[in-house]
There are 2 protein chains.
Amino acid sequence: LLGDITRKPSRSRGTGRAVANIALCKYWGKRQLELNLPRTSSLSISLDPLGSETTLGLSDLPGDQIRLNGREMPPDDPFSRRLSRFLDLFRPAETAGFVVETHNTIPTAAGLASSASGFAALVLALDDLFQWNSTPRTLSILARLGSGSAARSIVSGFVEWHAGTHDDGLDSFAESLTDTWPGLCIGLIEVDTRPKPVSSRQAMTDTVNTSFLYSSWPQQVDSDLAALKTAIRQRNFDQLGRVAEHNALSMHATMISAWPPILYWSPETIRTLHTIWRLRQEGVPVYVTMDAGPNIKLLFLEDTAPMIREKFPKVRIITPFAPPDPDTL
Amino acid sequence: LLGDITRKPSRSRGTGRAVANIALCKYWGKRQLELNLPRTSSLSISLDPLGSETTLGLSDLPGDQIRLNGREMPPDDPFSRRLSRFLDLFRPAETAGFVVETHNTIPTAAGLASSASGFAALVLALDDLFQWNSTPRTLSILARLGSGSAARSIVSGFVEWHAGTHDDGLDSFAESLTDTWPGLCIGLIEVDTRPKPVSSRQAMTDTVNTSFLYSSWPQQVDSDLAALKTAIRQRNFDQLGRVAEHNALSMHATMISAWPPILYWSPETIRTLHTIWRLRQEGVPVYVTMDAGPNIKLLFLEDTAPMIREKFPKVRIITPFAPPDPDTL
């Protein structure tokens, strides 16, 4: 794949935009580290308008110049190093540098990773710069090389990332489901915005290597993925919520059963979980998903939004399939 | 077994004493509900002086008279009903009632189940009343019929409960390891003493039935049990602590991955766990175990006791193998 693409820019600058995503069935564990090949398929929902926009061009100066949200990033910053290592795959000459300007519309406080939309936007900008006119499948594979979940940010809506089986990863890419779901809402609750003590990347590796329980995780994913696709097709919200919450908590369970234990939850996470479960017992149809961190994302339907706003005044509500109705939200 | 024993009392009253225990490798999941046959073996340490003392006799009045810590228990109380159902196995005549007087020296606040020592003391009292002169193995099997972990409270010290394989459960009993460990301490930290929202019994069943991850639990137990026995034989404290903590957190992980999720932890549990992990990072050799509840039990050696007292002023310290040294503890 990388051998086939041109590295001769067709225009002076390329631009790409990609949306963030949150997995309803998580990507958790790699079968190959270098290529970010996952052990299982996963399924996400995109979080428009949160995402990344990237513009890039080439320069004759050695080294990359990277700006993030208007701020020049030092070359030895972990962010710059990760980006430059990825850009090594695409340099016209070893000495060529890229000039990269990235804007994230993901509030840092939302507790959402920006690497997914970030690497997807970067790949789309490269496609624009070099005028590859690549298929979404190819772009998804390229984005995956930067960050696994970036494979899912090339397209939008409900997105399935197929694990694939090939060693070269050419069958490990994401594509959109045809179904949509106007009225579906995601509520972002910020619990703790301090930097994570363990990166998701590290947590994933440590879990695979040390958790006995992890060996049953792929069976759960098989079951959850099928159940989620049915729930989406039938717009069965309770099934969607139940399976997504079960899946997210089970992912955290694999970490809790790692050694040393990985527990991203803060006291506030627990308090919020218990609040949500109490609400659900009272009949409010709301479910939870969480990534590898302490923050909580709610799943609910539009008509529950006023209640959610009341209980969680700081919630940020995203409506992936419909522009928000200002009267309801 | 039950067919062979006499139900004719040899004396007017029988008495039994048994100590509480806490599992270092947990009993979690049954292969048979009626007989409390476990899916896996388990290993515990007894918590002398915490335990139960029971005296019982027969009366001609129908129905049992049950006193717990000096208080007459109503016959329809769940405690009385469970006891009477168990005593049904031993009545000389269907109409015979037992007079039972039980004292628990387990502070309710310690977050320790009293059913283990309670049923063990009851069986020992029955043995005394009927003068069966049963072997510890037989008594362990009988106690198991009342409450699974009671099988481990018939004997003391480090105790292994063999899962067994027979359908009749006659090979599922507990016995003491020969090893002891003077200097080993257990610290009880009370986090939340409110009644549990879900009983351990129910949590166990729900976990086995709904957690995908549970299917890997028996492999972990195999590994942990062997590692704990080695650690005990070699008095390797770090290995003992590591394996016991990993085992306990993994048991909780199987519950968190059940549906609906079972999360016994309160915000205070999380705060305490993070405190302990911080202490350990600072070089303090202290580990955690937890039963199906929010409370935390520390594992440490005698020379760490002053530090533990300082950090957790409310801790109750138990020294299973040695009388506490008042200067140190």
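Structure: see above.
Residues numbered from 1 in each chain as written. Chains lettered and ligands numbered in written order. Predicted model: local features only at pLDDT ≥ 70, side-chain atom pairs only at ≥ 80, totals over all residues. Heavy atoms only, no water.

Asker: Could you give an account of the side chain of B:K26, with specific residues and numbers?
Answerer: All names here are of chain B. Take K26: it is sitting in the loop between β1 (13-25) and β2 (30-32). Overall, K26 belongs to the buried group, its relative accessible area being 1%. Polar contacts involving the side chain of K26 include one to the main-chain carbonyl oxygen of A23, which spans 2.9 Å. For K26, the side chain forms a polar contact with the main-chain oxygen of M290, separated by 3.1 Å. Leaving out residues up to four positions away in the same chain, K26 has contacts with T40, S41, S42, W217, N247, A248, M251, T289, M290 and D291. (Helix = DSSP H or I, 4+ residues; strand = E, 2+ residues; numbered from the N terminus. Buried < 20%, exposed > 50% of the residue type's maximum accessible area, 1.4 Å probe, protein only. Polar contact = N/O pair within 3.5 Å; in protein donor to acceptor, adjacent residues only side chain to side chain. Contact = heavy atoms within 4.5 Å.)

Asker: Could you give an account of the interface of chain B and chain A, naming the residues involved and the relevant values?
Answerer: If you look at the interface, chain B gives 33 residues, while chain A gives 33 residues. Surface buried jointly by chain B and chain A totals about 2800 Å² across both partners, of which 76% is contributed by carbon and sulfur atoms. For the chain B face of the interface with chain A, the top three residues by lost area are B:F212, B:L213 and B:W259, together amounting to 26%. Where chain B packs against chain A, one counts zero salt bridges. When residues of the side of chain B that touches chain A are traced back to their parent elements, those giving at least two are α5 (217-234), α6 (237-256) and α7 (267-281) of chain B. (Buried area = accessible area lost by both parts, 1.4 Å probe. Salt bridge = Lys/Arg side-chain N within 4 Å of Asp/Glu carboxyl O.)

Asker: Quick rundown of the pairing of strand β7 (residues 97-104) of chain A? Include the residues and the values.
Answerer: Side-chain positions along a regular strand alternate between the two faces of the sheet. Residue and element names in this part refer to chain A. Taken together, the eight bridges between strand β4 (residues 42-59) and β7 define a ladder with antiparallel strand orientation. The residue of β7 that forms the bridge with G57 is V99. In the sheet, strand β5 (residues 65-68) pairs with β7 via four bridges, with the strands oriented parallel. Across the sheet, I66 pairs through a bridge with V100, a residue of β7. (Pairing = 2+ DSSP bridges.)

Asker: Before we move on, can you summarise the pairing of strand β4 (residues 42-59) of chain B with the specific residues and values?
Answerer: All names here are of chain B. With 14 of 18 residues buried, β4 lies mostly within the body of the structure. Here β1 pairs with β4 via eleven bridges, running antiparallel. The partner of V19 across the bridge, within β4, is G51. Examined bridge by bridge, β4 and strand β8 (residues 158-161) share four bridges and lie antiparallel to one another. Its bridge partner being in β8, L43 is matched across the sheet by E160.

Asker: Outline the relation of the copies chain B and chain A, listing residues and values.
Answerer: Overlaying chain B with chain A gives an RMSD of 0.0 Å, the required rotation being 180° about an axis along which the chain moves by 0.0 Å. Given the turn and translation reported, the copies of this chain are related as if by a two-fold rotation axis. In this assembly, 100% of the residues forming the interface of chain B have copies in chain A that are likewise at the interface, indicating an isologous arrangement. (Least-squares fit on C-alpha atoms with pLDDT ≥ 70 in both.)

Asker: Just give me the short version of the sheet that holds strand β11 (residues 287-289) of chain B, but keep the residues and values in it.
Answerer: All names here are of chain B. What the four strands build is an open sheet, ordered β11-β12-β10-β13; its pairing is antiparallel. Each of the sheet's edge strands pairs with one partner strand only, and the pair in question is β11 and β13 (316-318). Averaged over all pairs of adjacent strands, the angle between strand axes in this sheet comes to 30°, irrespective of strand direction. In terms of strand pairing, strand β10 (residues 184-189) meets β13 through three bridges, oriented antiparallel. What sits directly across from G187, in β13, is I317. α7 rests against β10, β11 and β12 (296-301) of the sheet, and its axis sits at about 15° to β12. (Axes fitted to C-alpha atoms, helices over the stretch in contact; angles between N-to-C directions.)

Asker: If you had to explain helix α1 (residues 78-87) of chain B to someone new, which residues and values would you point to?
Answerer: Residue and element names in this part refer to chain B. Within α1, burial applies to S80, L83, S84, F86 and L87. An end-on view of α1 places all buried positions within 160° of arc, on one side of the element. Away from its buried face by more than 90 degrees, α1 exposes P78 and R85. Of the surrounding elements, those touching the buried residues of α1 are β4, β5 (65-68), β6 (71-73), β7 (97-104), α2 (115-130) and α3 (136-146). N-cap assignment for α1: the residue whose side-chain oxygen lies 2.8 Å from the backbone N of F79 is D77. (Arc of directions from axis to C-beta.)

Asker: Describe helix α2 (residues 115-130) of chain A, naming the residues involved and giving the relevant values.
Answerer: Residues and elements named next belong to chain A. With 16 residues, α2 should reach 22 Å at 1.5 Å per residue; the first-to-last C-alpha distance of 22 Å fits that figure. For α2, the tally of buried residues reaches 15 of 16 residues, placing the bulk of the element in the interior. Just beyond α2, the residue with positive phi is Q131, at close to 50°. (Expected span 1.5 Å × (residues − 1).)

Asker: I'd like a rundown of the sheet that holds strand β12 (residues 296-301) of chain A, residues and numbers included.
Answerer: All names here are of chain A. Taking strand neighbours across the sheet as the criterion, the four strands line up as β11-β12-β10-β13 in an open arrangement whose pairing is antiparallel. Edge positions in the open sheet fall to β11 (287-289) and β13 (316-318), since each of these has one partner strand only. Each strand of the sheet is rotated relative to its neighbour by a mean of 30°, with strand direction disregarded. Where β11 meets β12, three bridges bridge the pair, whose relative direction is antiparallel. The partner of T289 across the bridge, within β12, is K297. The strands touched by helix α6 (residues 237-256) are β10 (184-189), β11 and β12; relative to β11, the strand with the most contacts, the crossing angle is about 40°.

Asker: A description of the nonpolar core should follow, citing residues and the corresponding values.
Answerer: A general tendency of soluble globular proteins is for nonpolar side chains to be buried together. Formed by 207 residues in total, the largest nonpolar core has its most connected members in A:W265, A:L298, B:F158, B:W265 and B:L298. Not counting residues up to four positions away in its chain, the partners in contact with A:W265 are A:L249, A:H252, A:I256, A:I270, A:M290, A:G293, B:I256, B:L263, B:W265, B:I270 and B:H274. (Core = buried A, V, L, I, M, F, W, Y, C linked by side-chain atoms within 4.5 Å.)

Asker: Before we move on, could you go through the packing of aromatic side chains and cite the residues and values that matter?
Answerer: Residues and elements named next belong to chain A. Summed over the entire model, instances satisfying the criterion amount to 15 aromatic pairs over all chains. Seen from their ring centres, F90 and W132 are 5.7 Å apart, and the 40° between their planes marks the pair as tilted. Residue F90 is found in the loop between α1 (78-87) and β7, and its partner W132 is found in the loop between α2 and α3 (136-146); the two are separated by 42 residues along the sequence. Accessibility classification places F90 together with W132 in one group, the buried group. For the ring pair F130 and W132, a centre distance of 5.5 Å and an interplane angle of 15° mean the geometry is stacked. According to the relative accessible area criterion, F130 is buried, its value standing at 1%. Of the residues examined, W132 reaches a relative accessible area of 13% and is grouped as buried. Members of the aromatic cluster, connected to one another through ring pairs, are F86, F90, F119, F130 and W132. A cation sits over an aromatic face here: K196 above Y264, 5.5 Å from the ring centre. (Phe/Tyr/Trp six-rings, centres within 6.5 Å; stacked < 30°, edge-to-face > 60°. Lys NZ or Arg CZ within 6 Å of the ring centre and 35° of its normal.)

Asker: I'd like a description of unusual backbone geometry, backed by residues and values.
Answerer: The step from A:D48 to A:P49 runs through a cis peptide bond, and the omega angle for that step is 10°. Of the consecutive residues B:W259 and B:P260, the connecting peptide bond is found in the cis state with omega at -5°. Looking at the secondary structure, you find B:P260 in the loop between α6 and α7. Residue A:N36 is not a glycine yet carries a positive backbone phi of 50°. Unlike most non-glycine residues, B:Q131 shows phi in positive territory, near 50°. Within the secondary structure layout, B:Q131 lies in the loop between α2 and α3. Using a relative accessible area of 30% as the deciding quantity, one classes B:Q131 as partly exposed.

Asker: If you had to explain the environment of B:K8 to someone new, which residues and values would you point to?
Answerer: Residues and elements named next belong to chain B. Tracing the backbone through its elements, the reader meets K8 in the segment before β1. Here K8 falls in the exposed class, since its relative accessible area comes to 64%. Here the alpha-carbon distance between K8 and Q131, two residues 123 residues apart in the chain, equals 9.0 Å.

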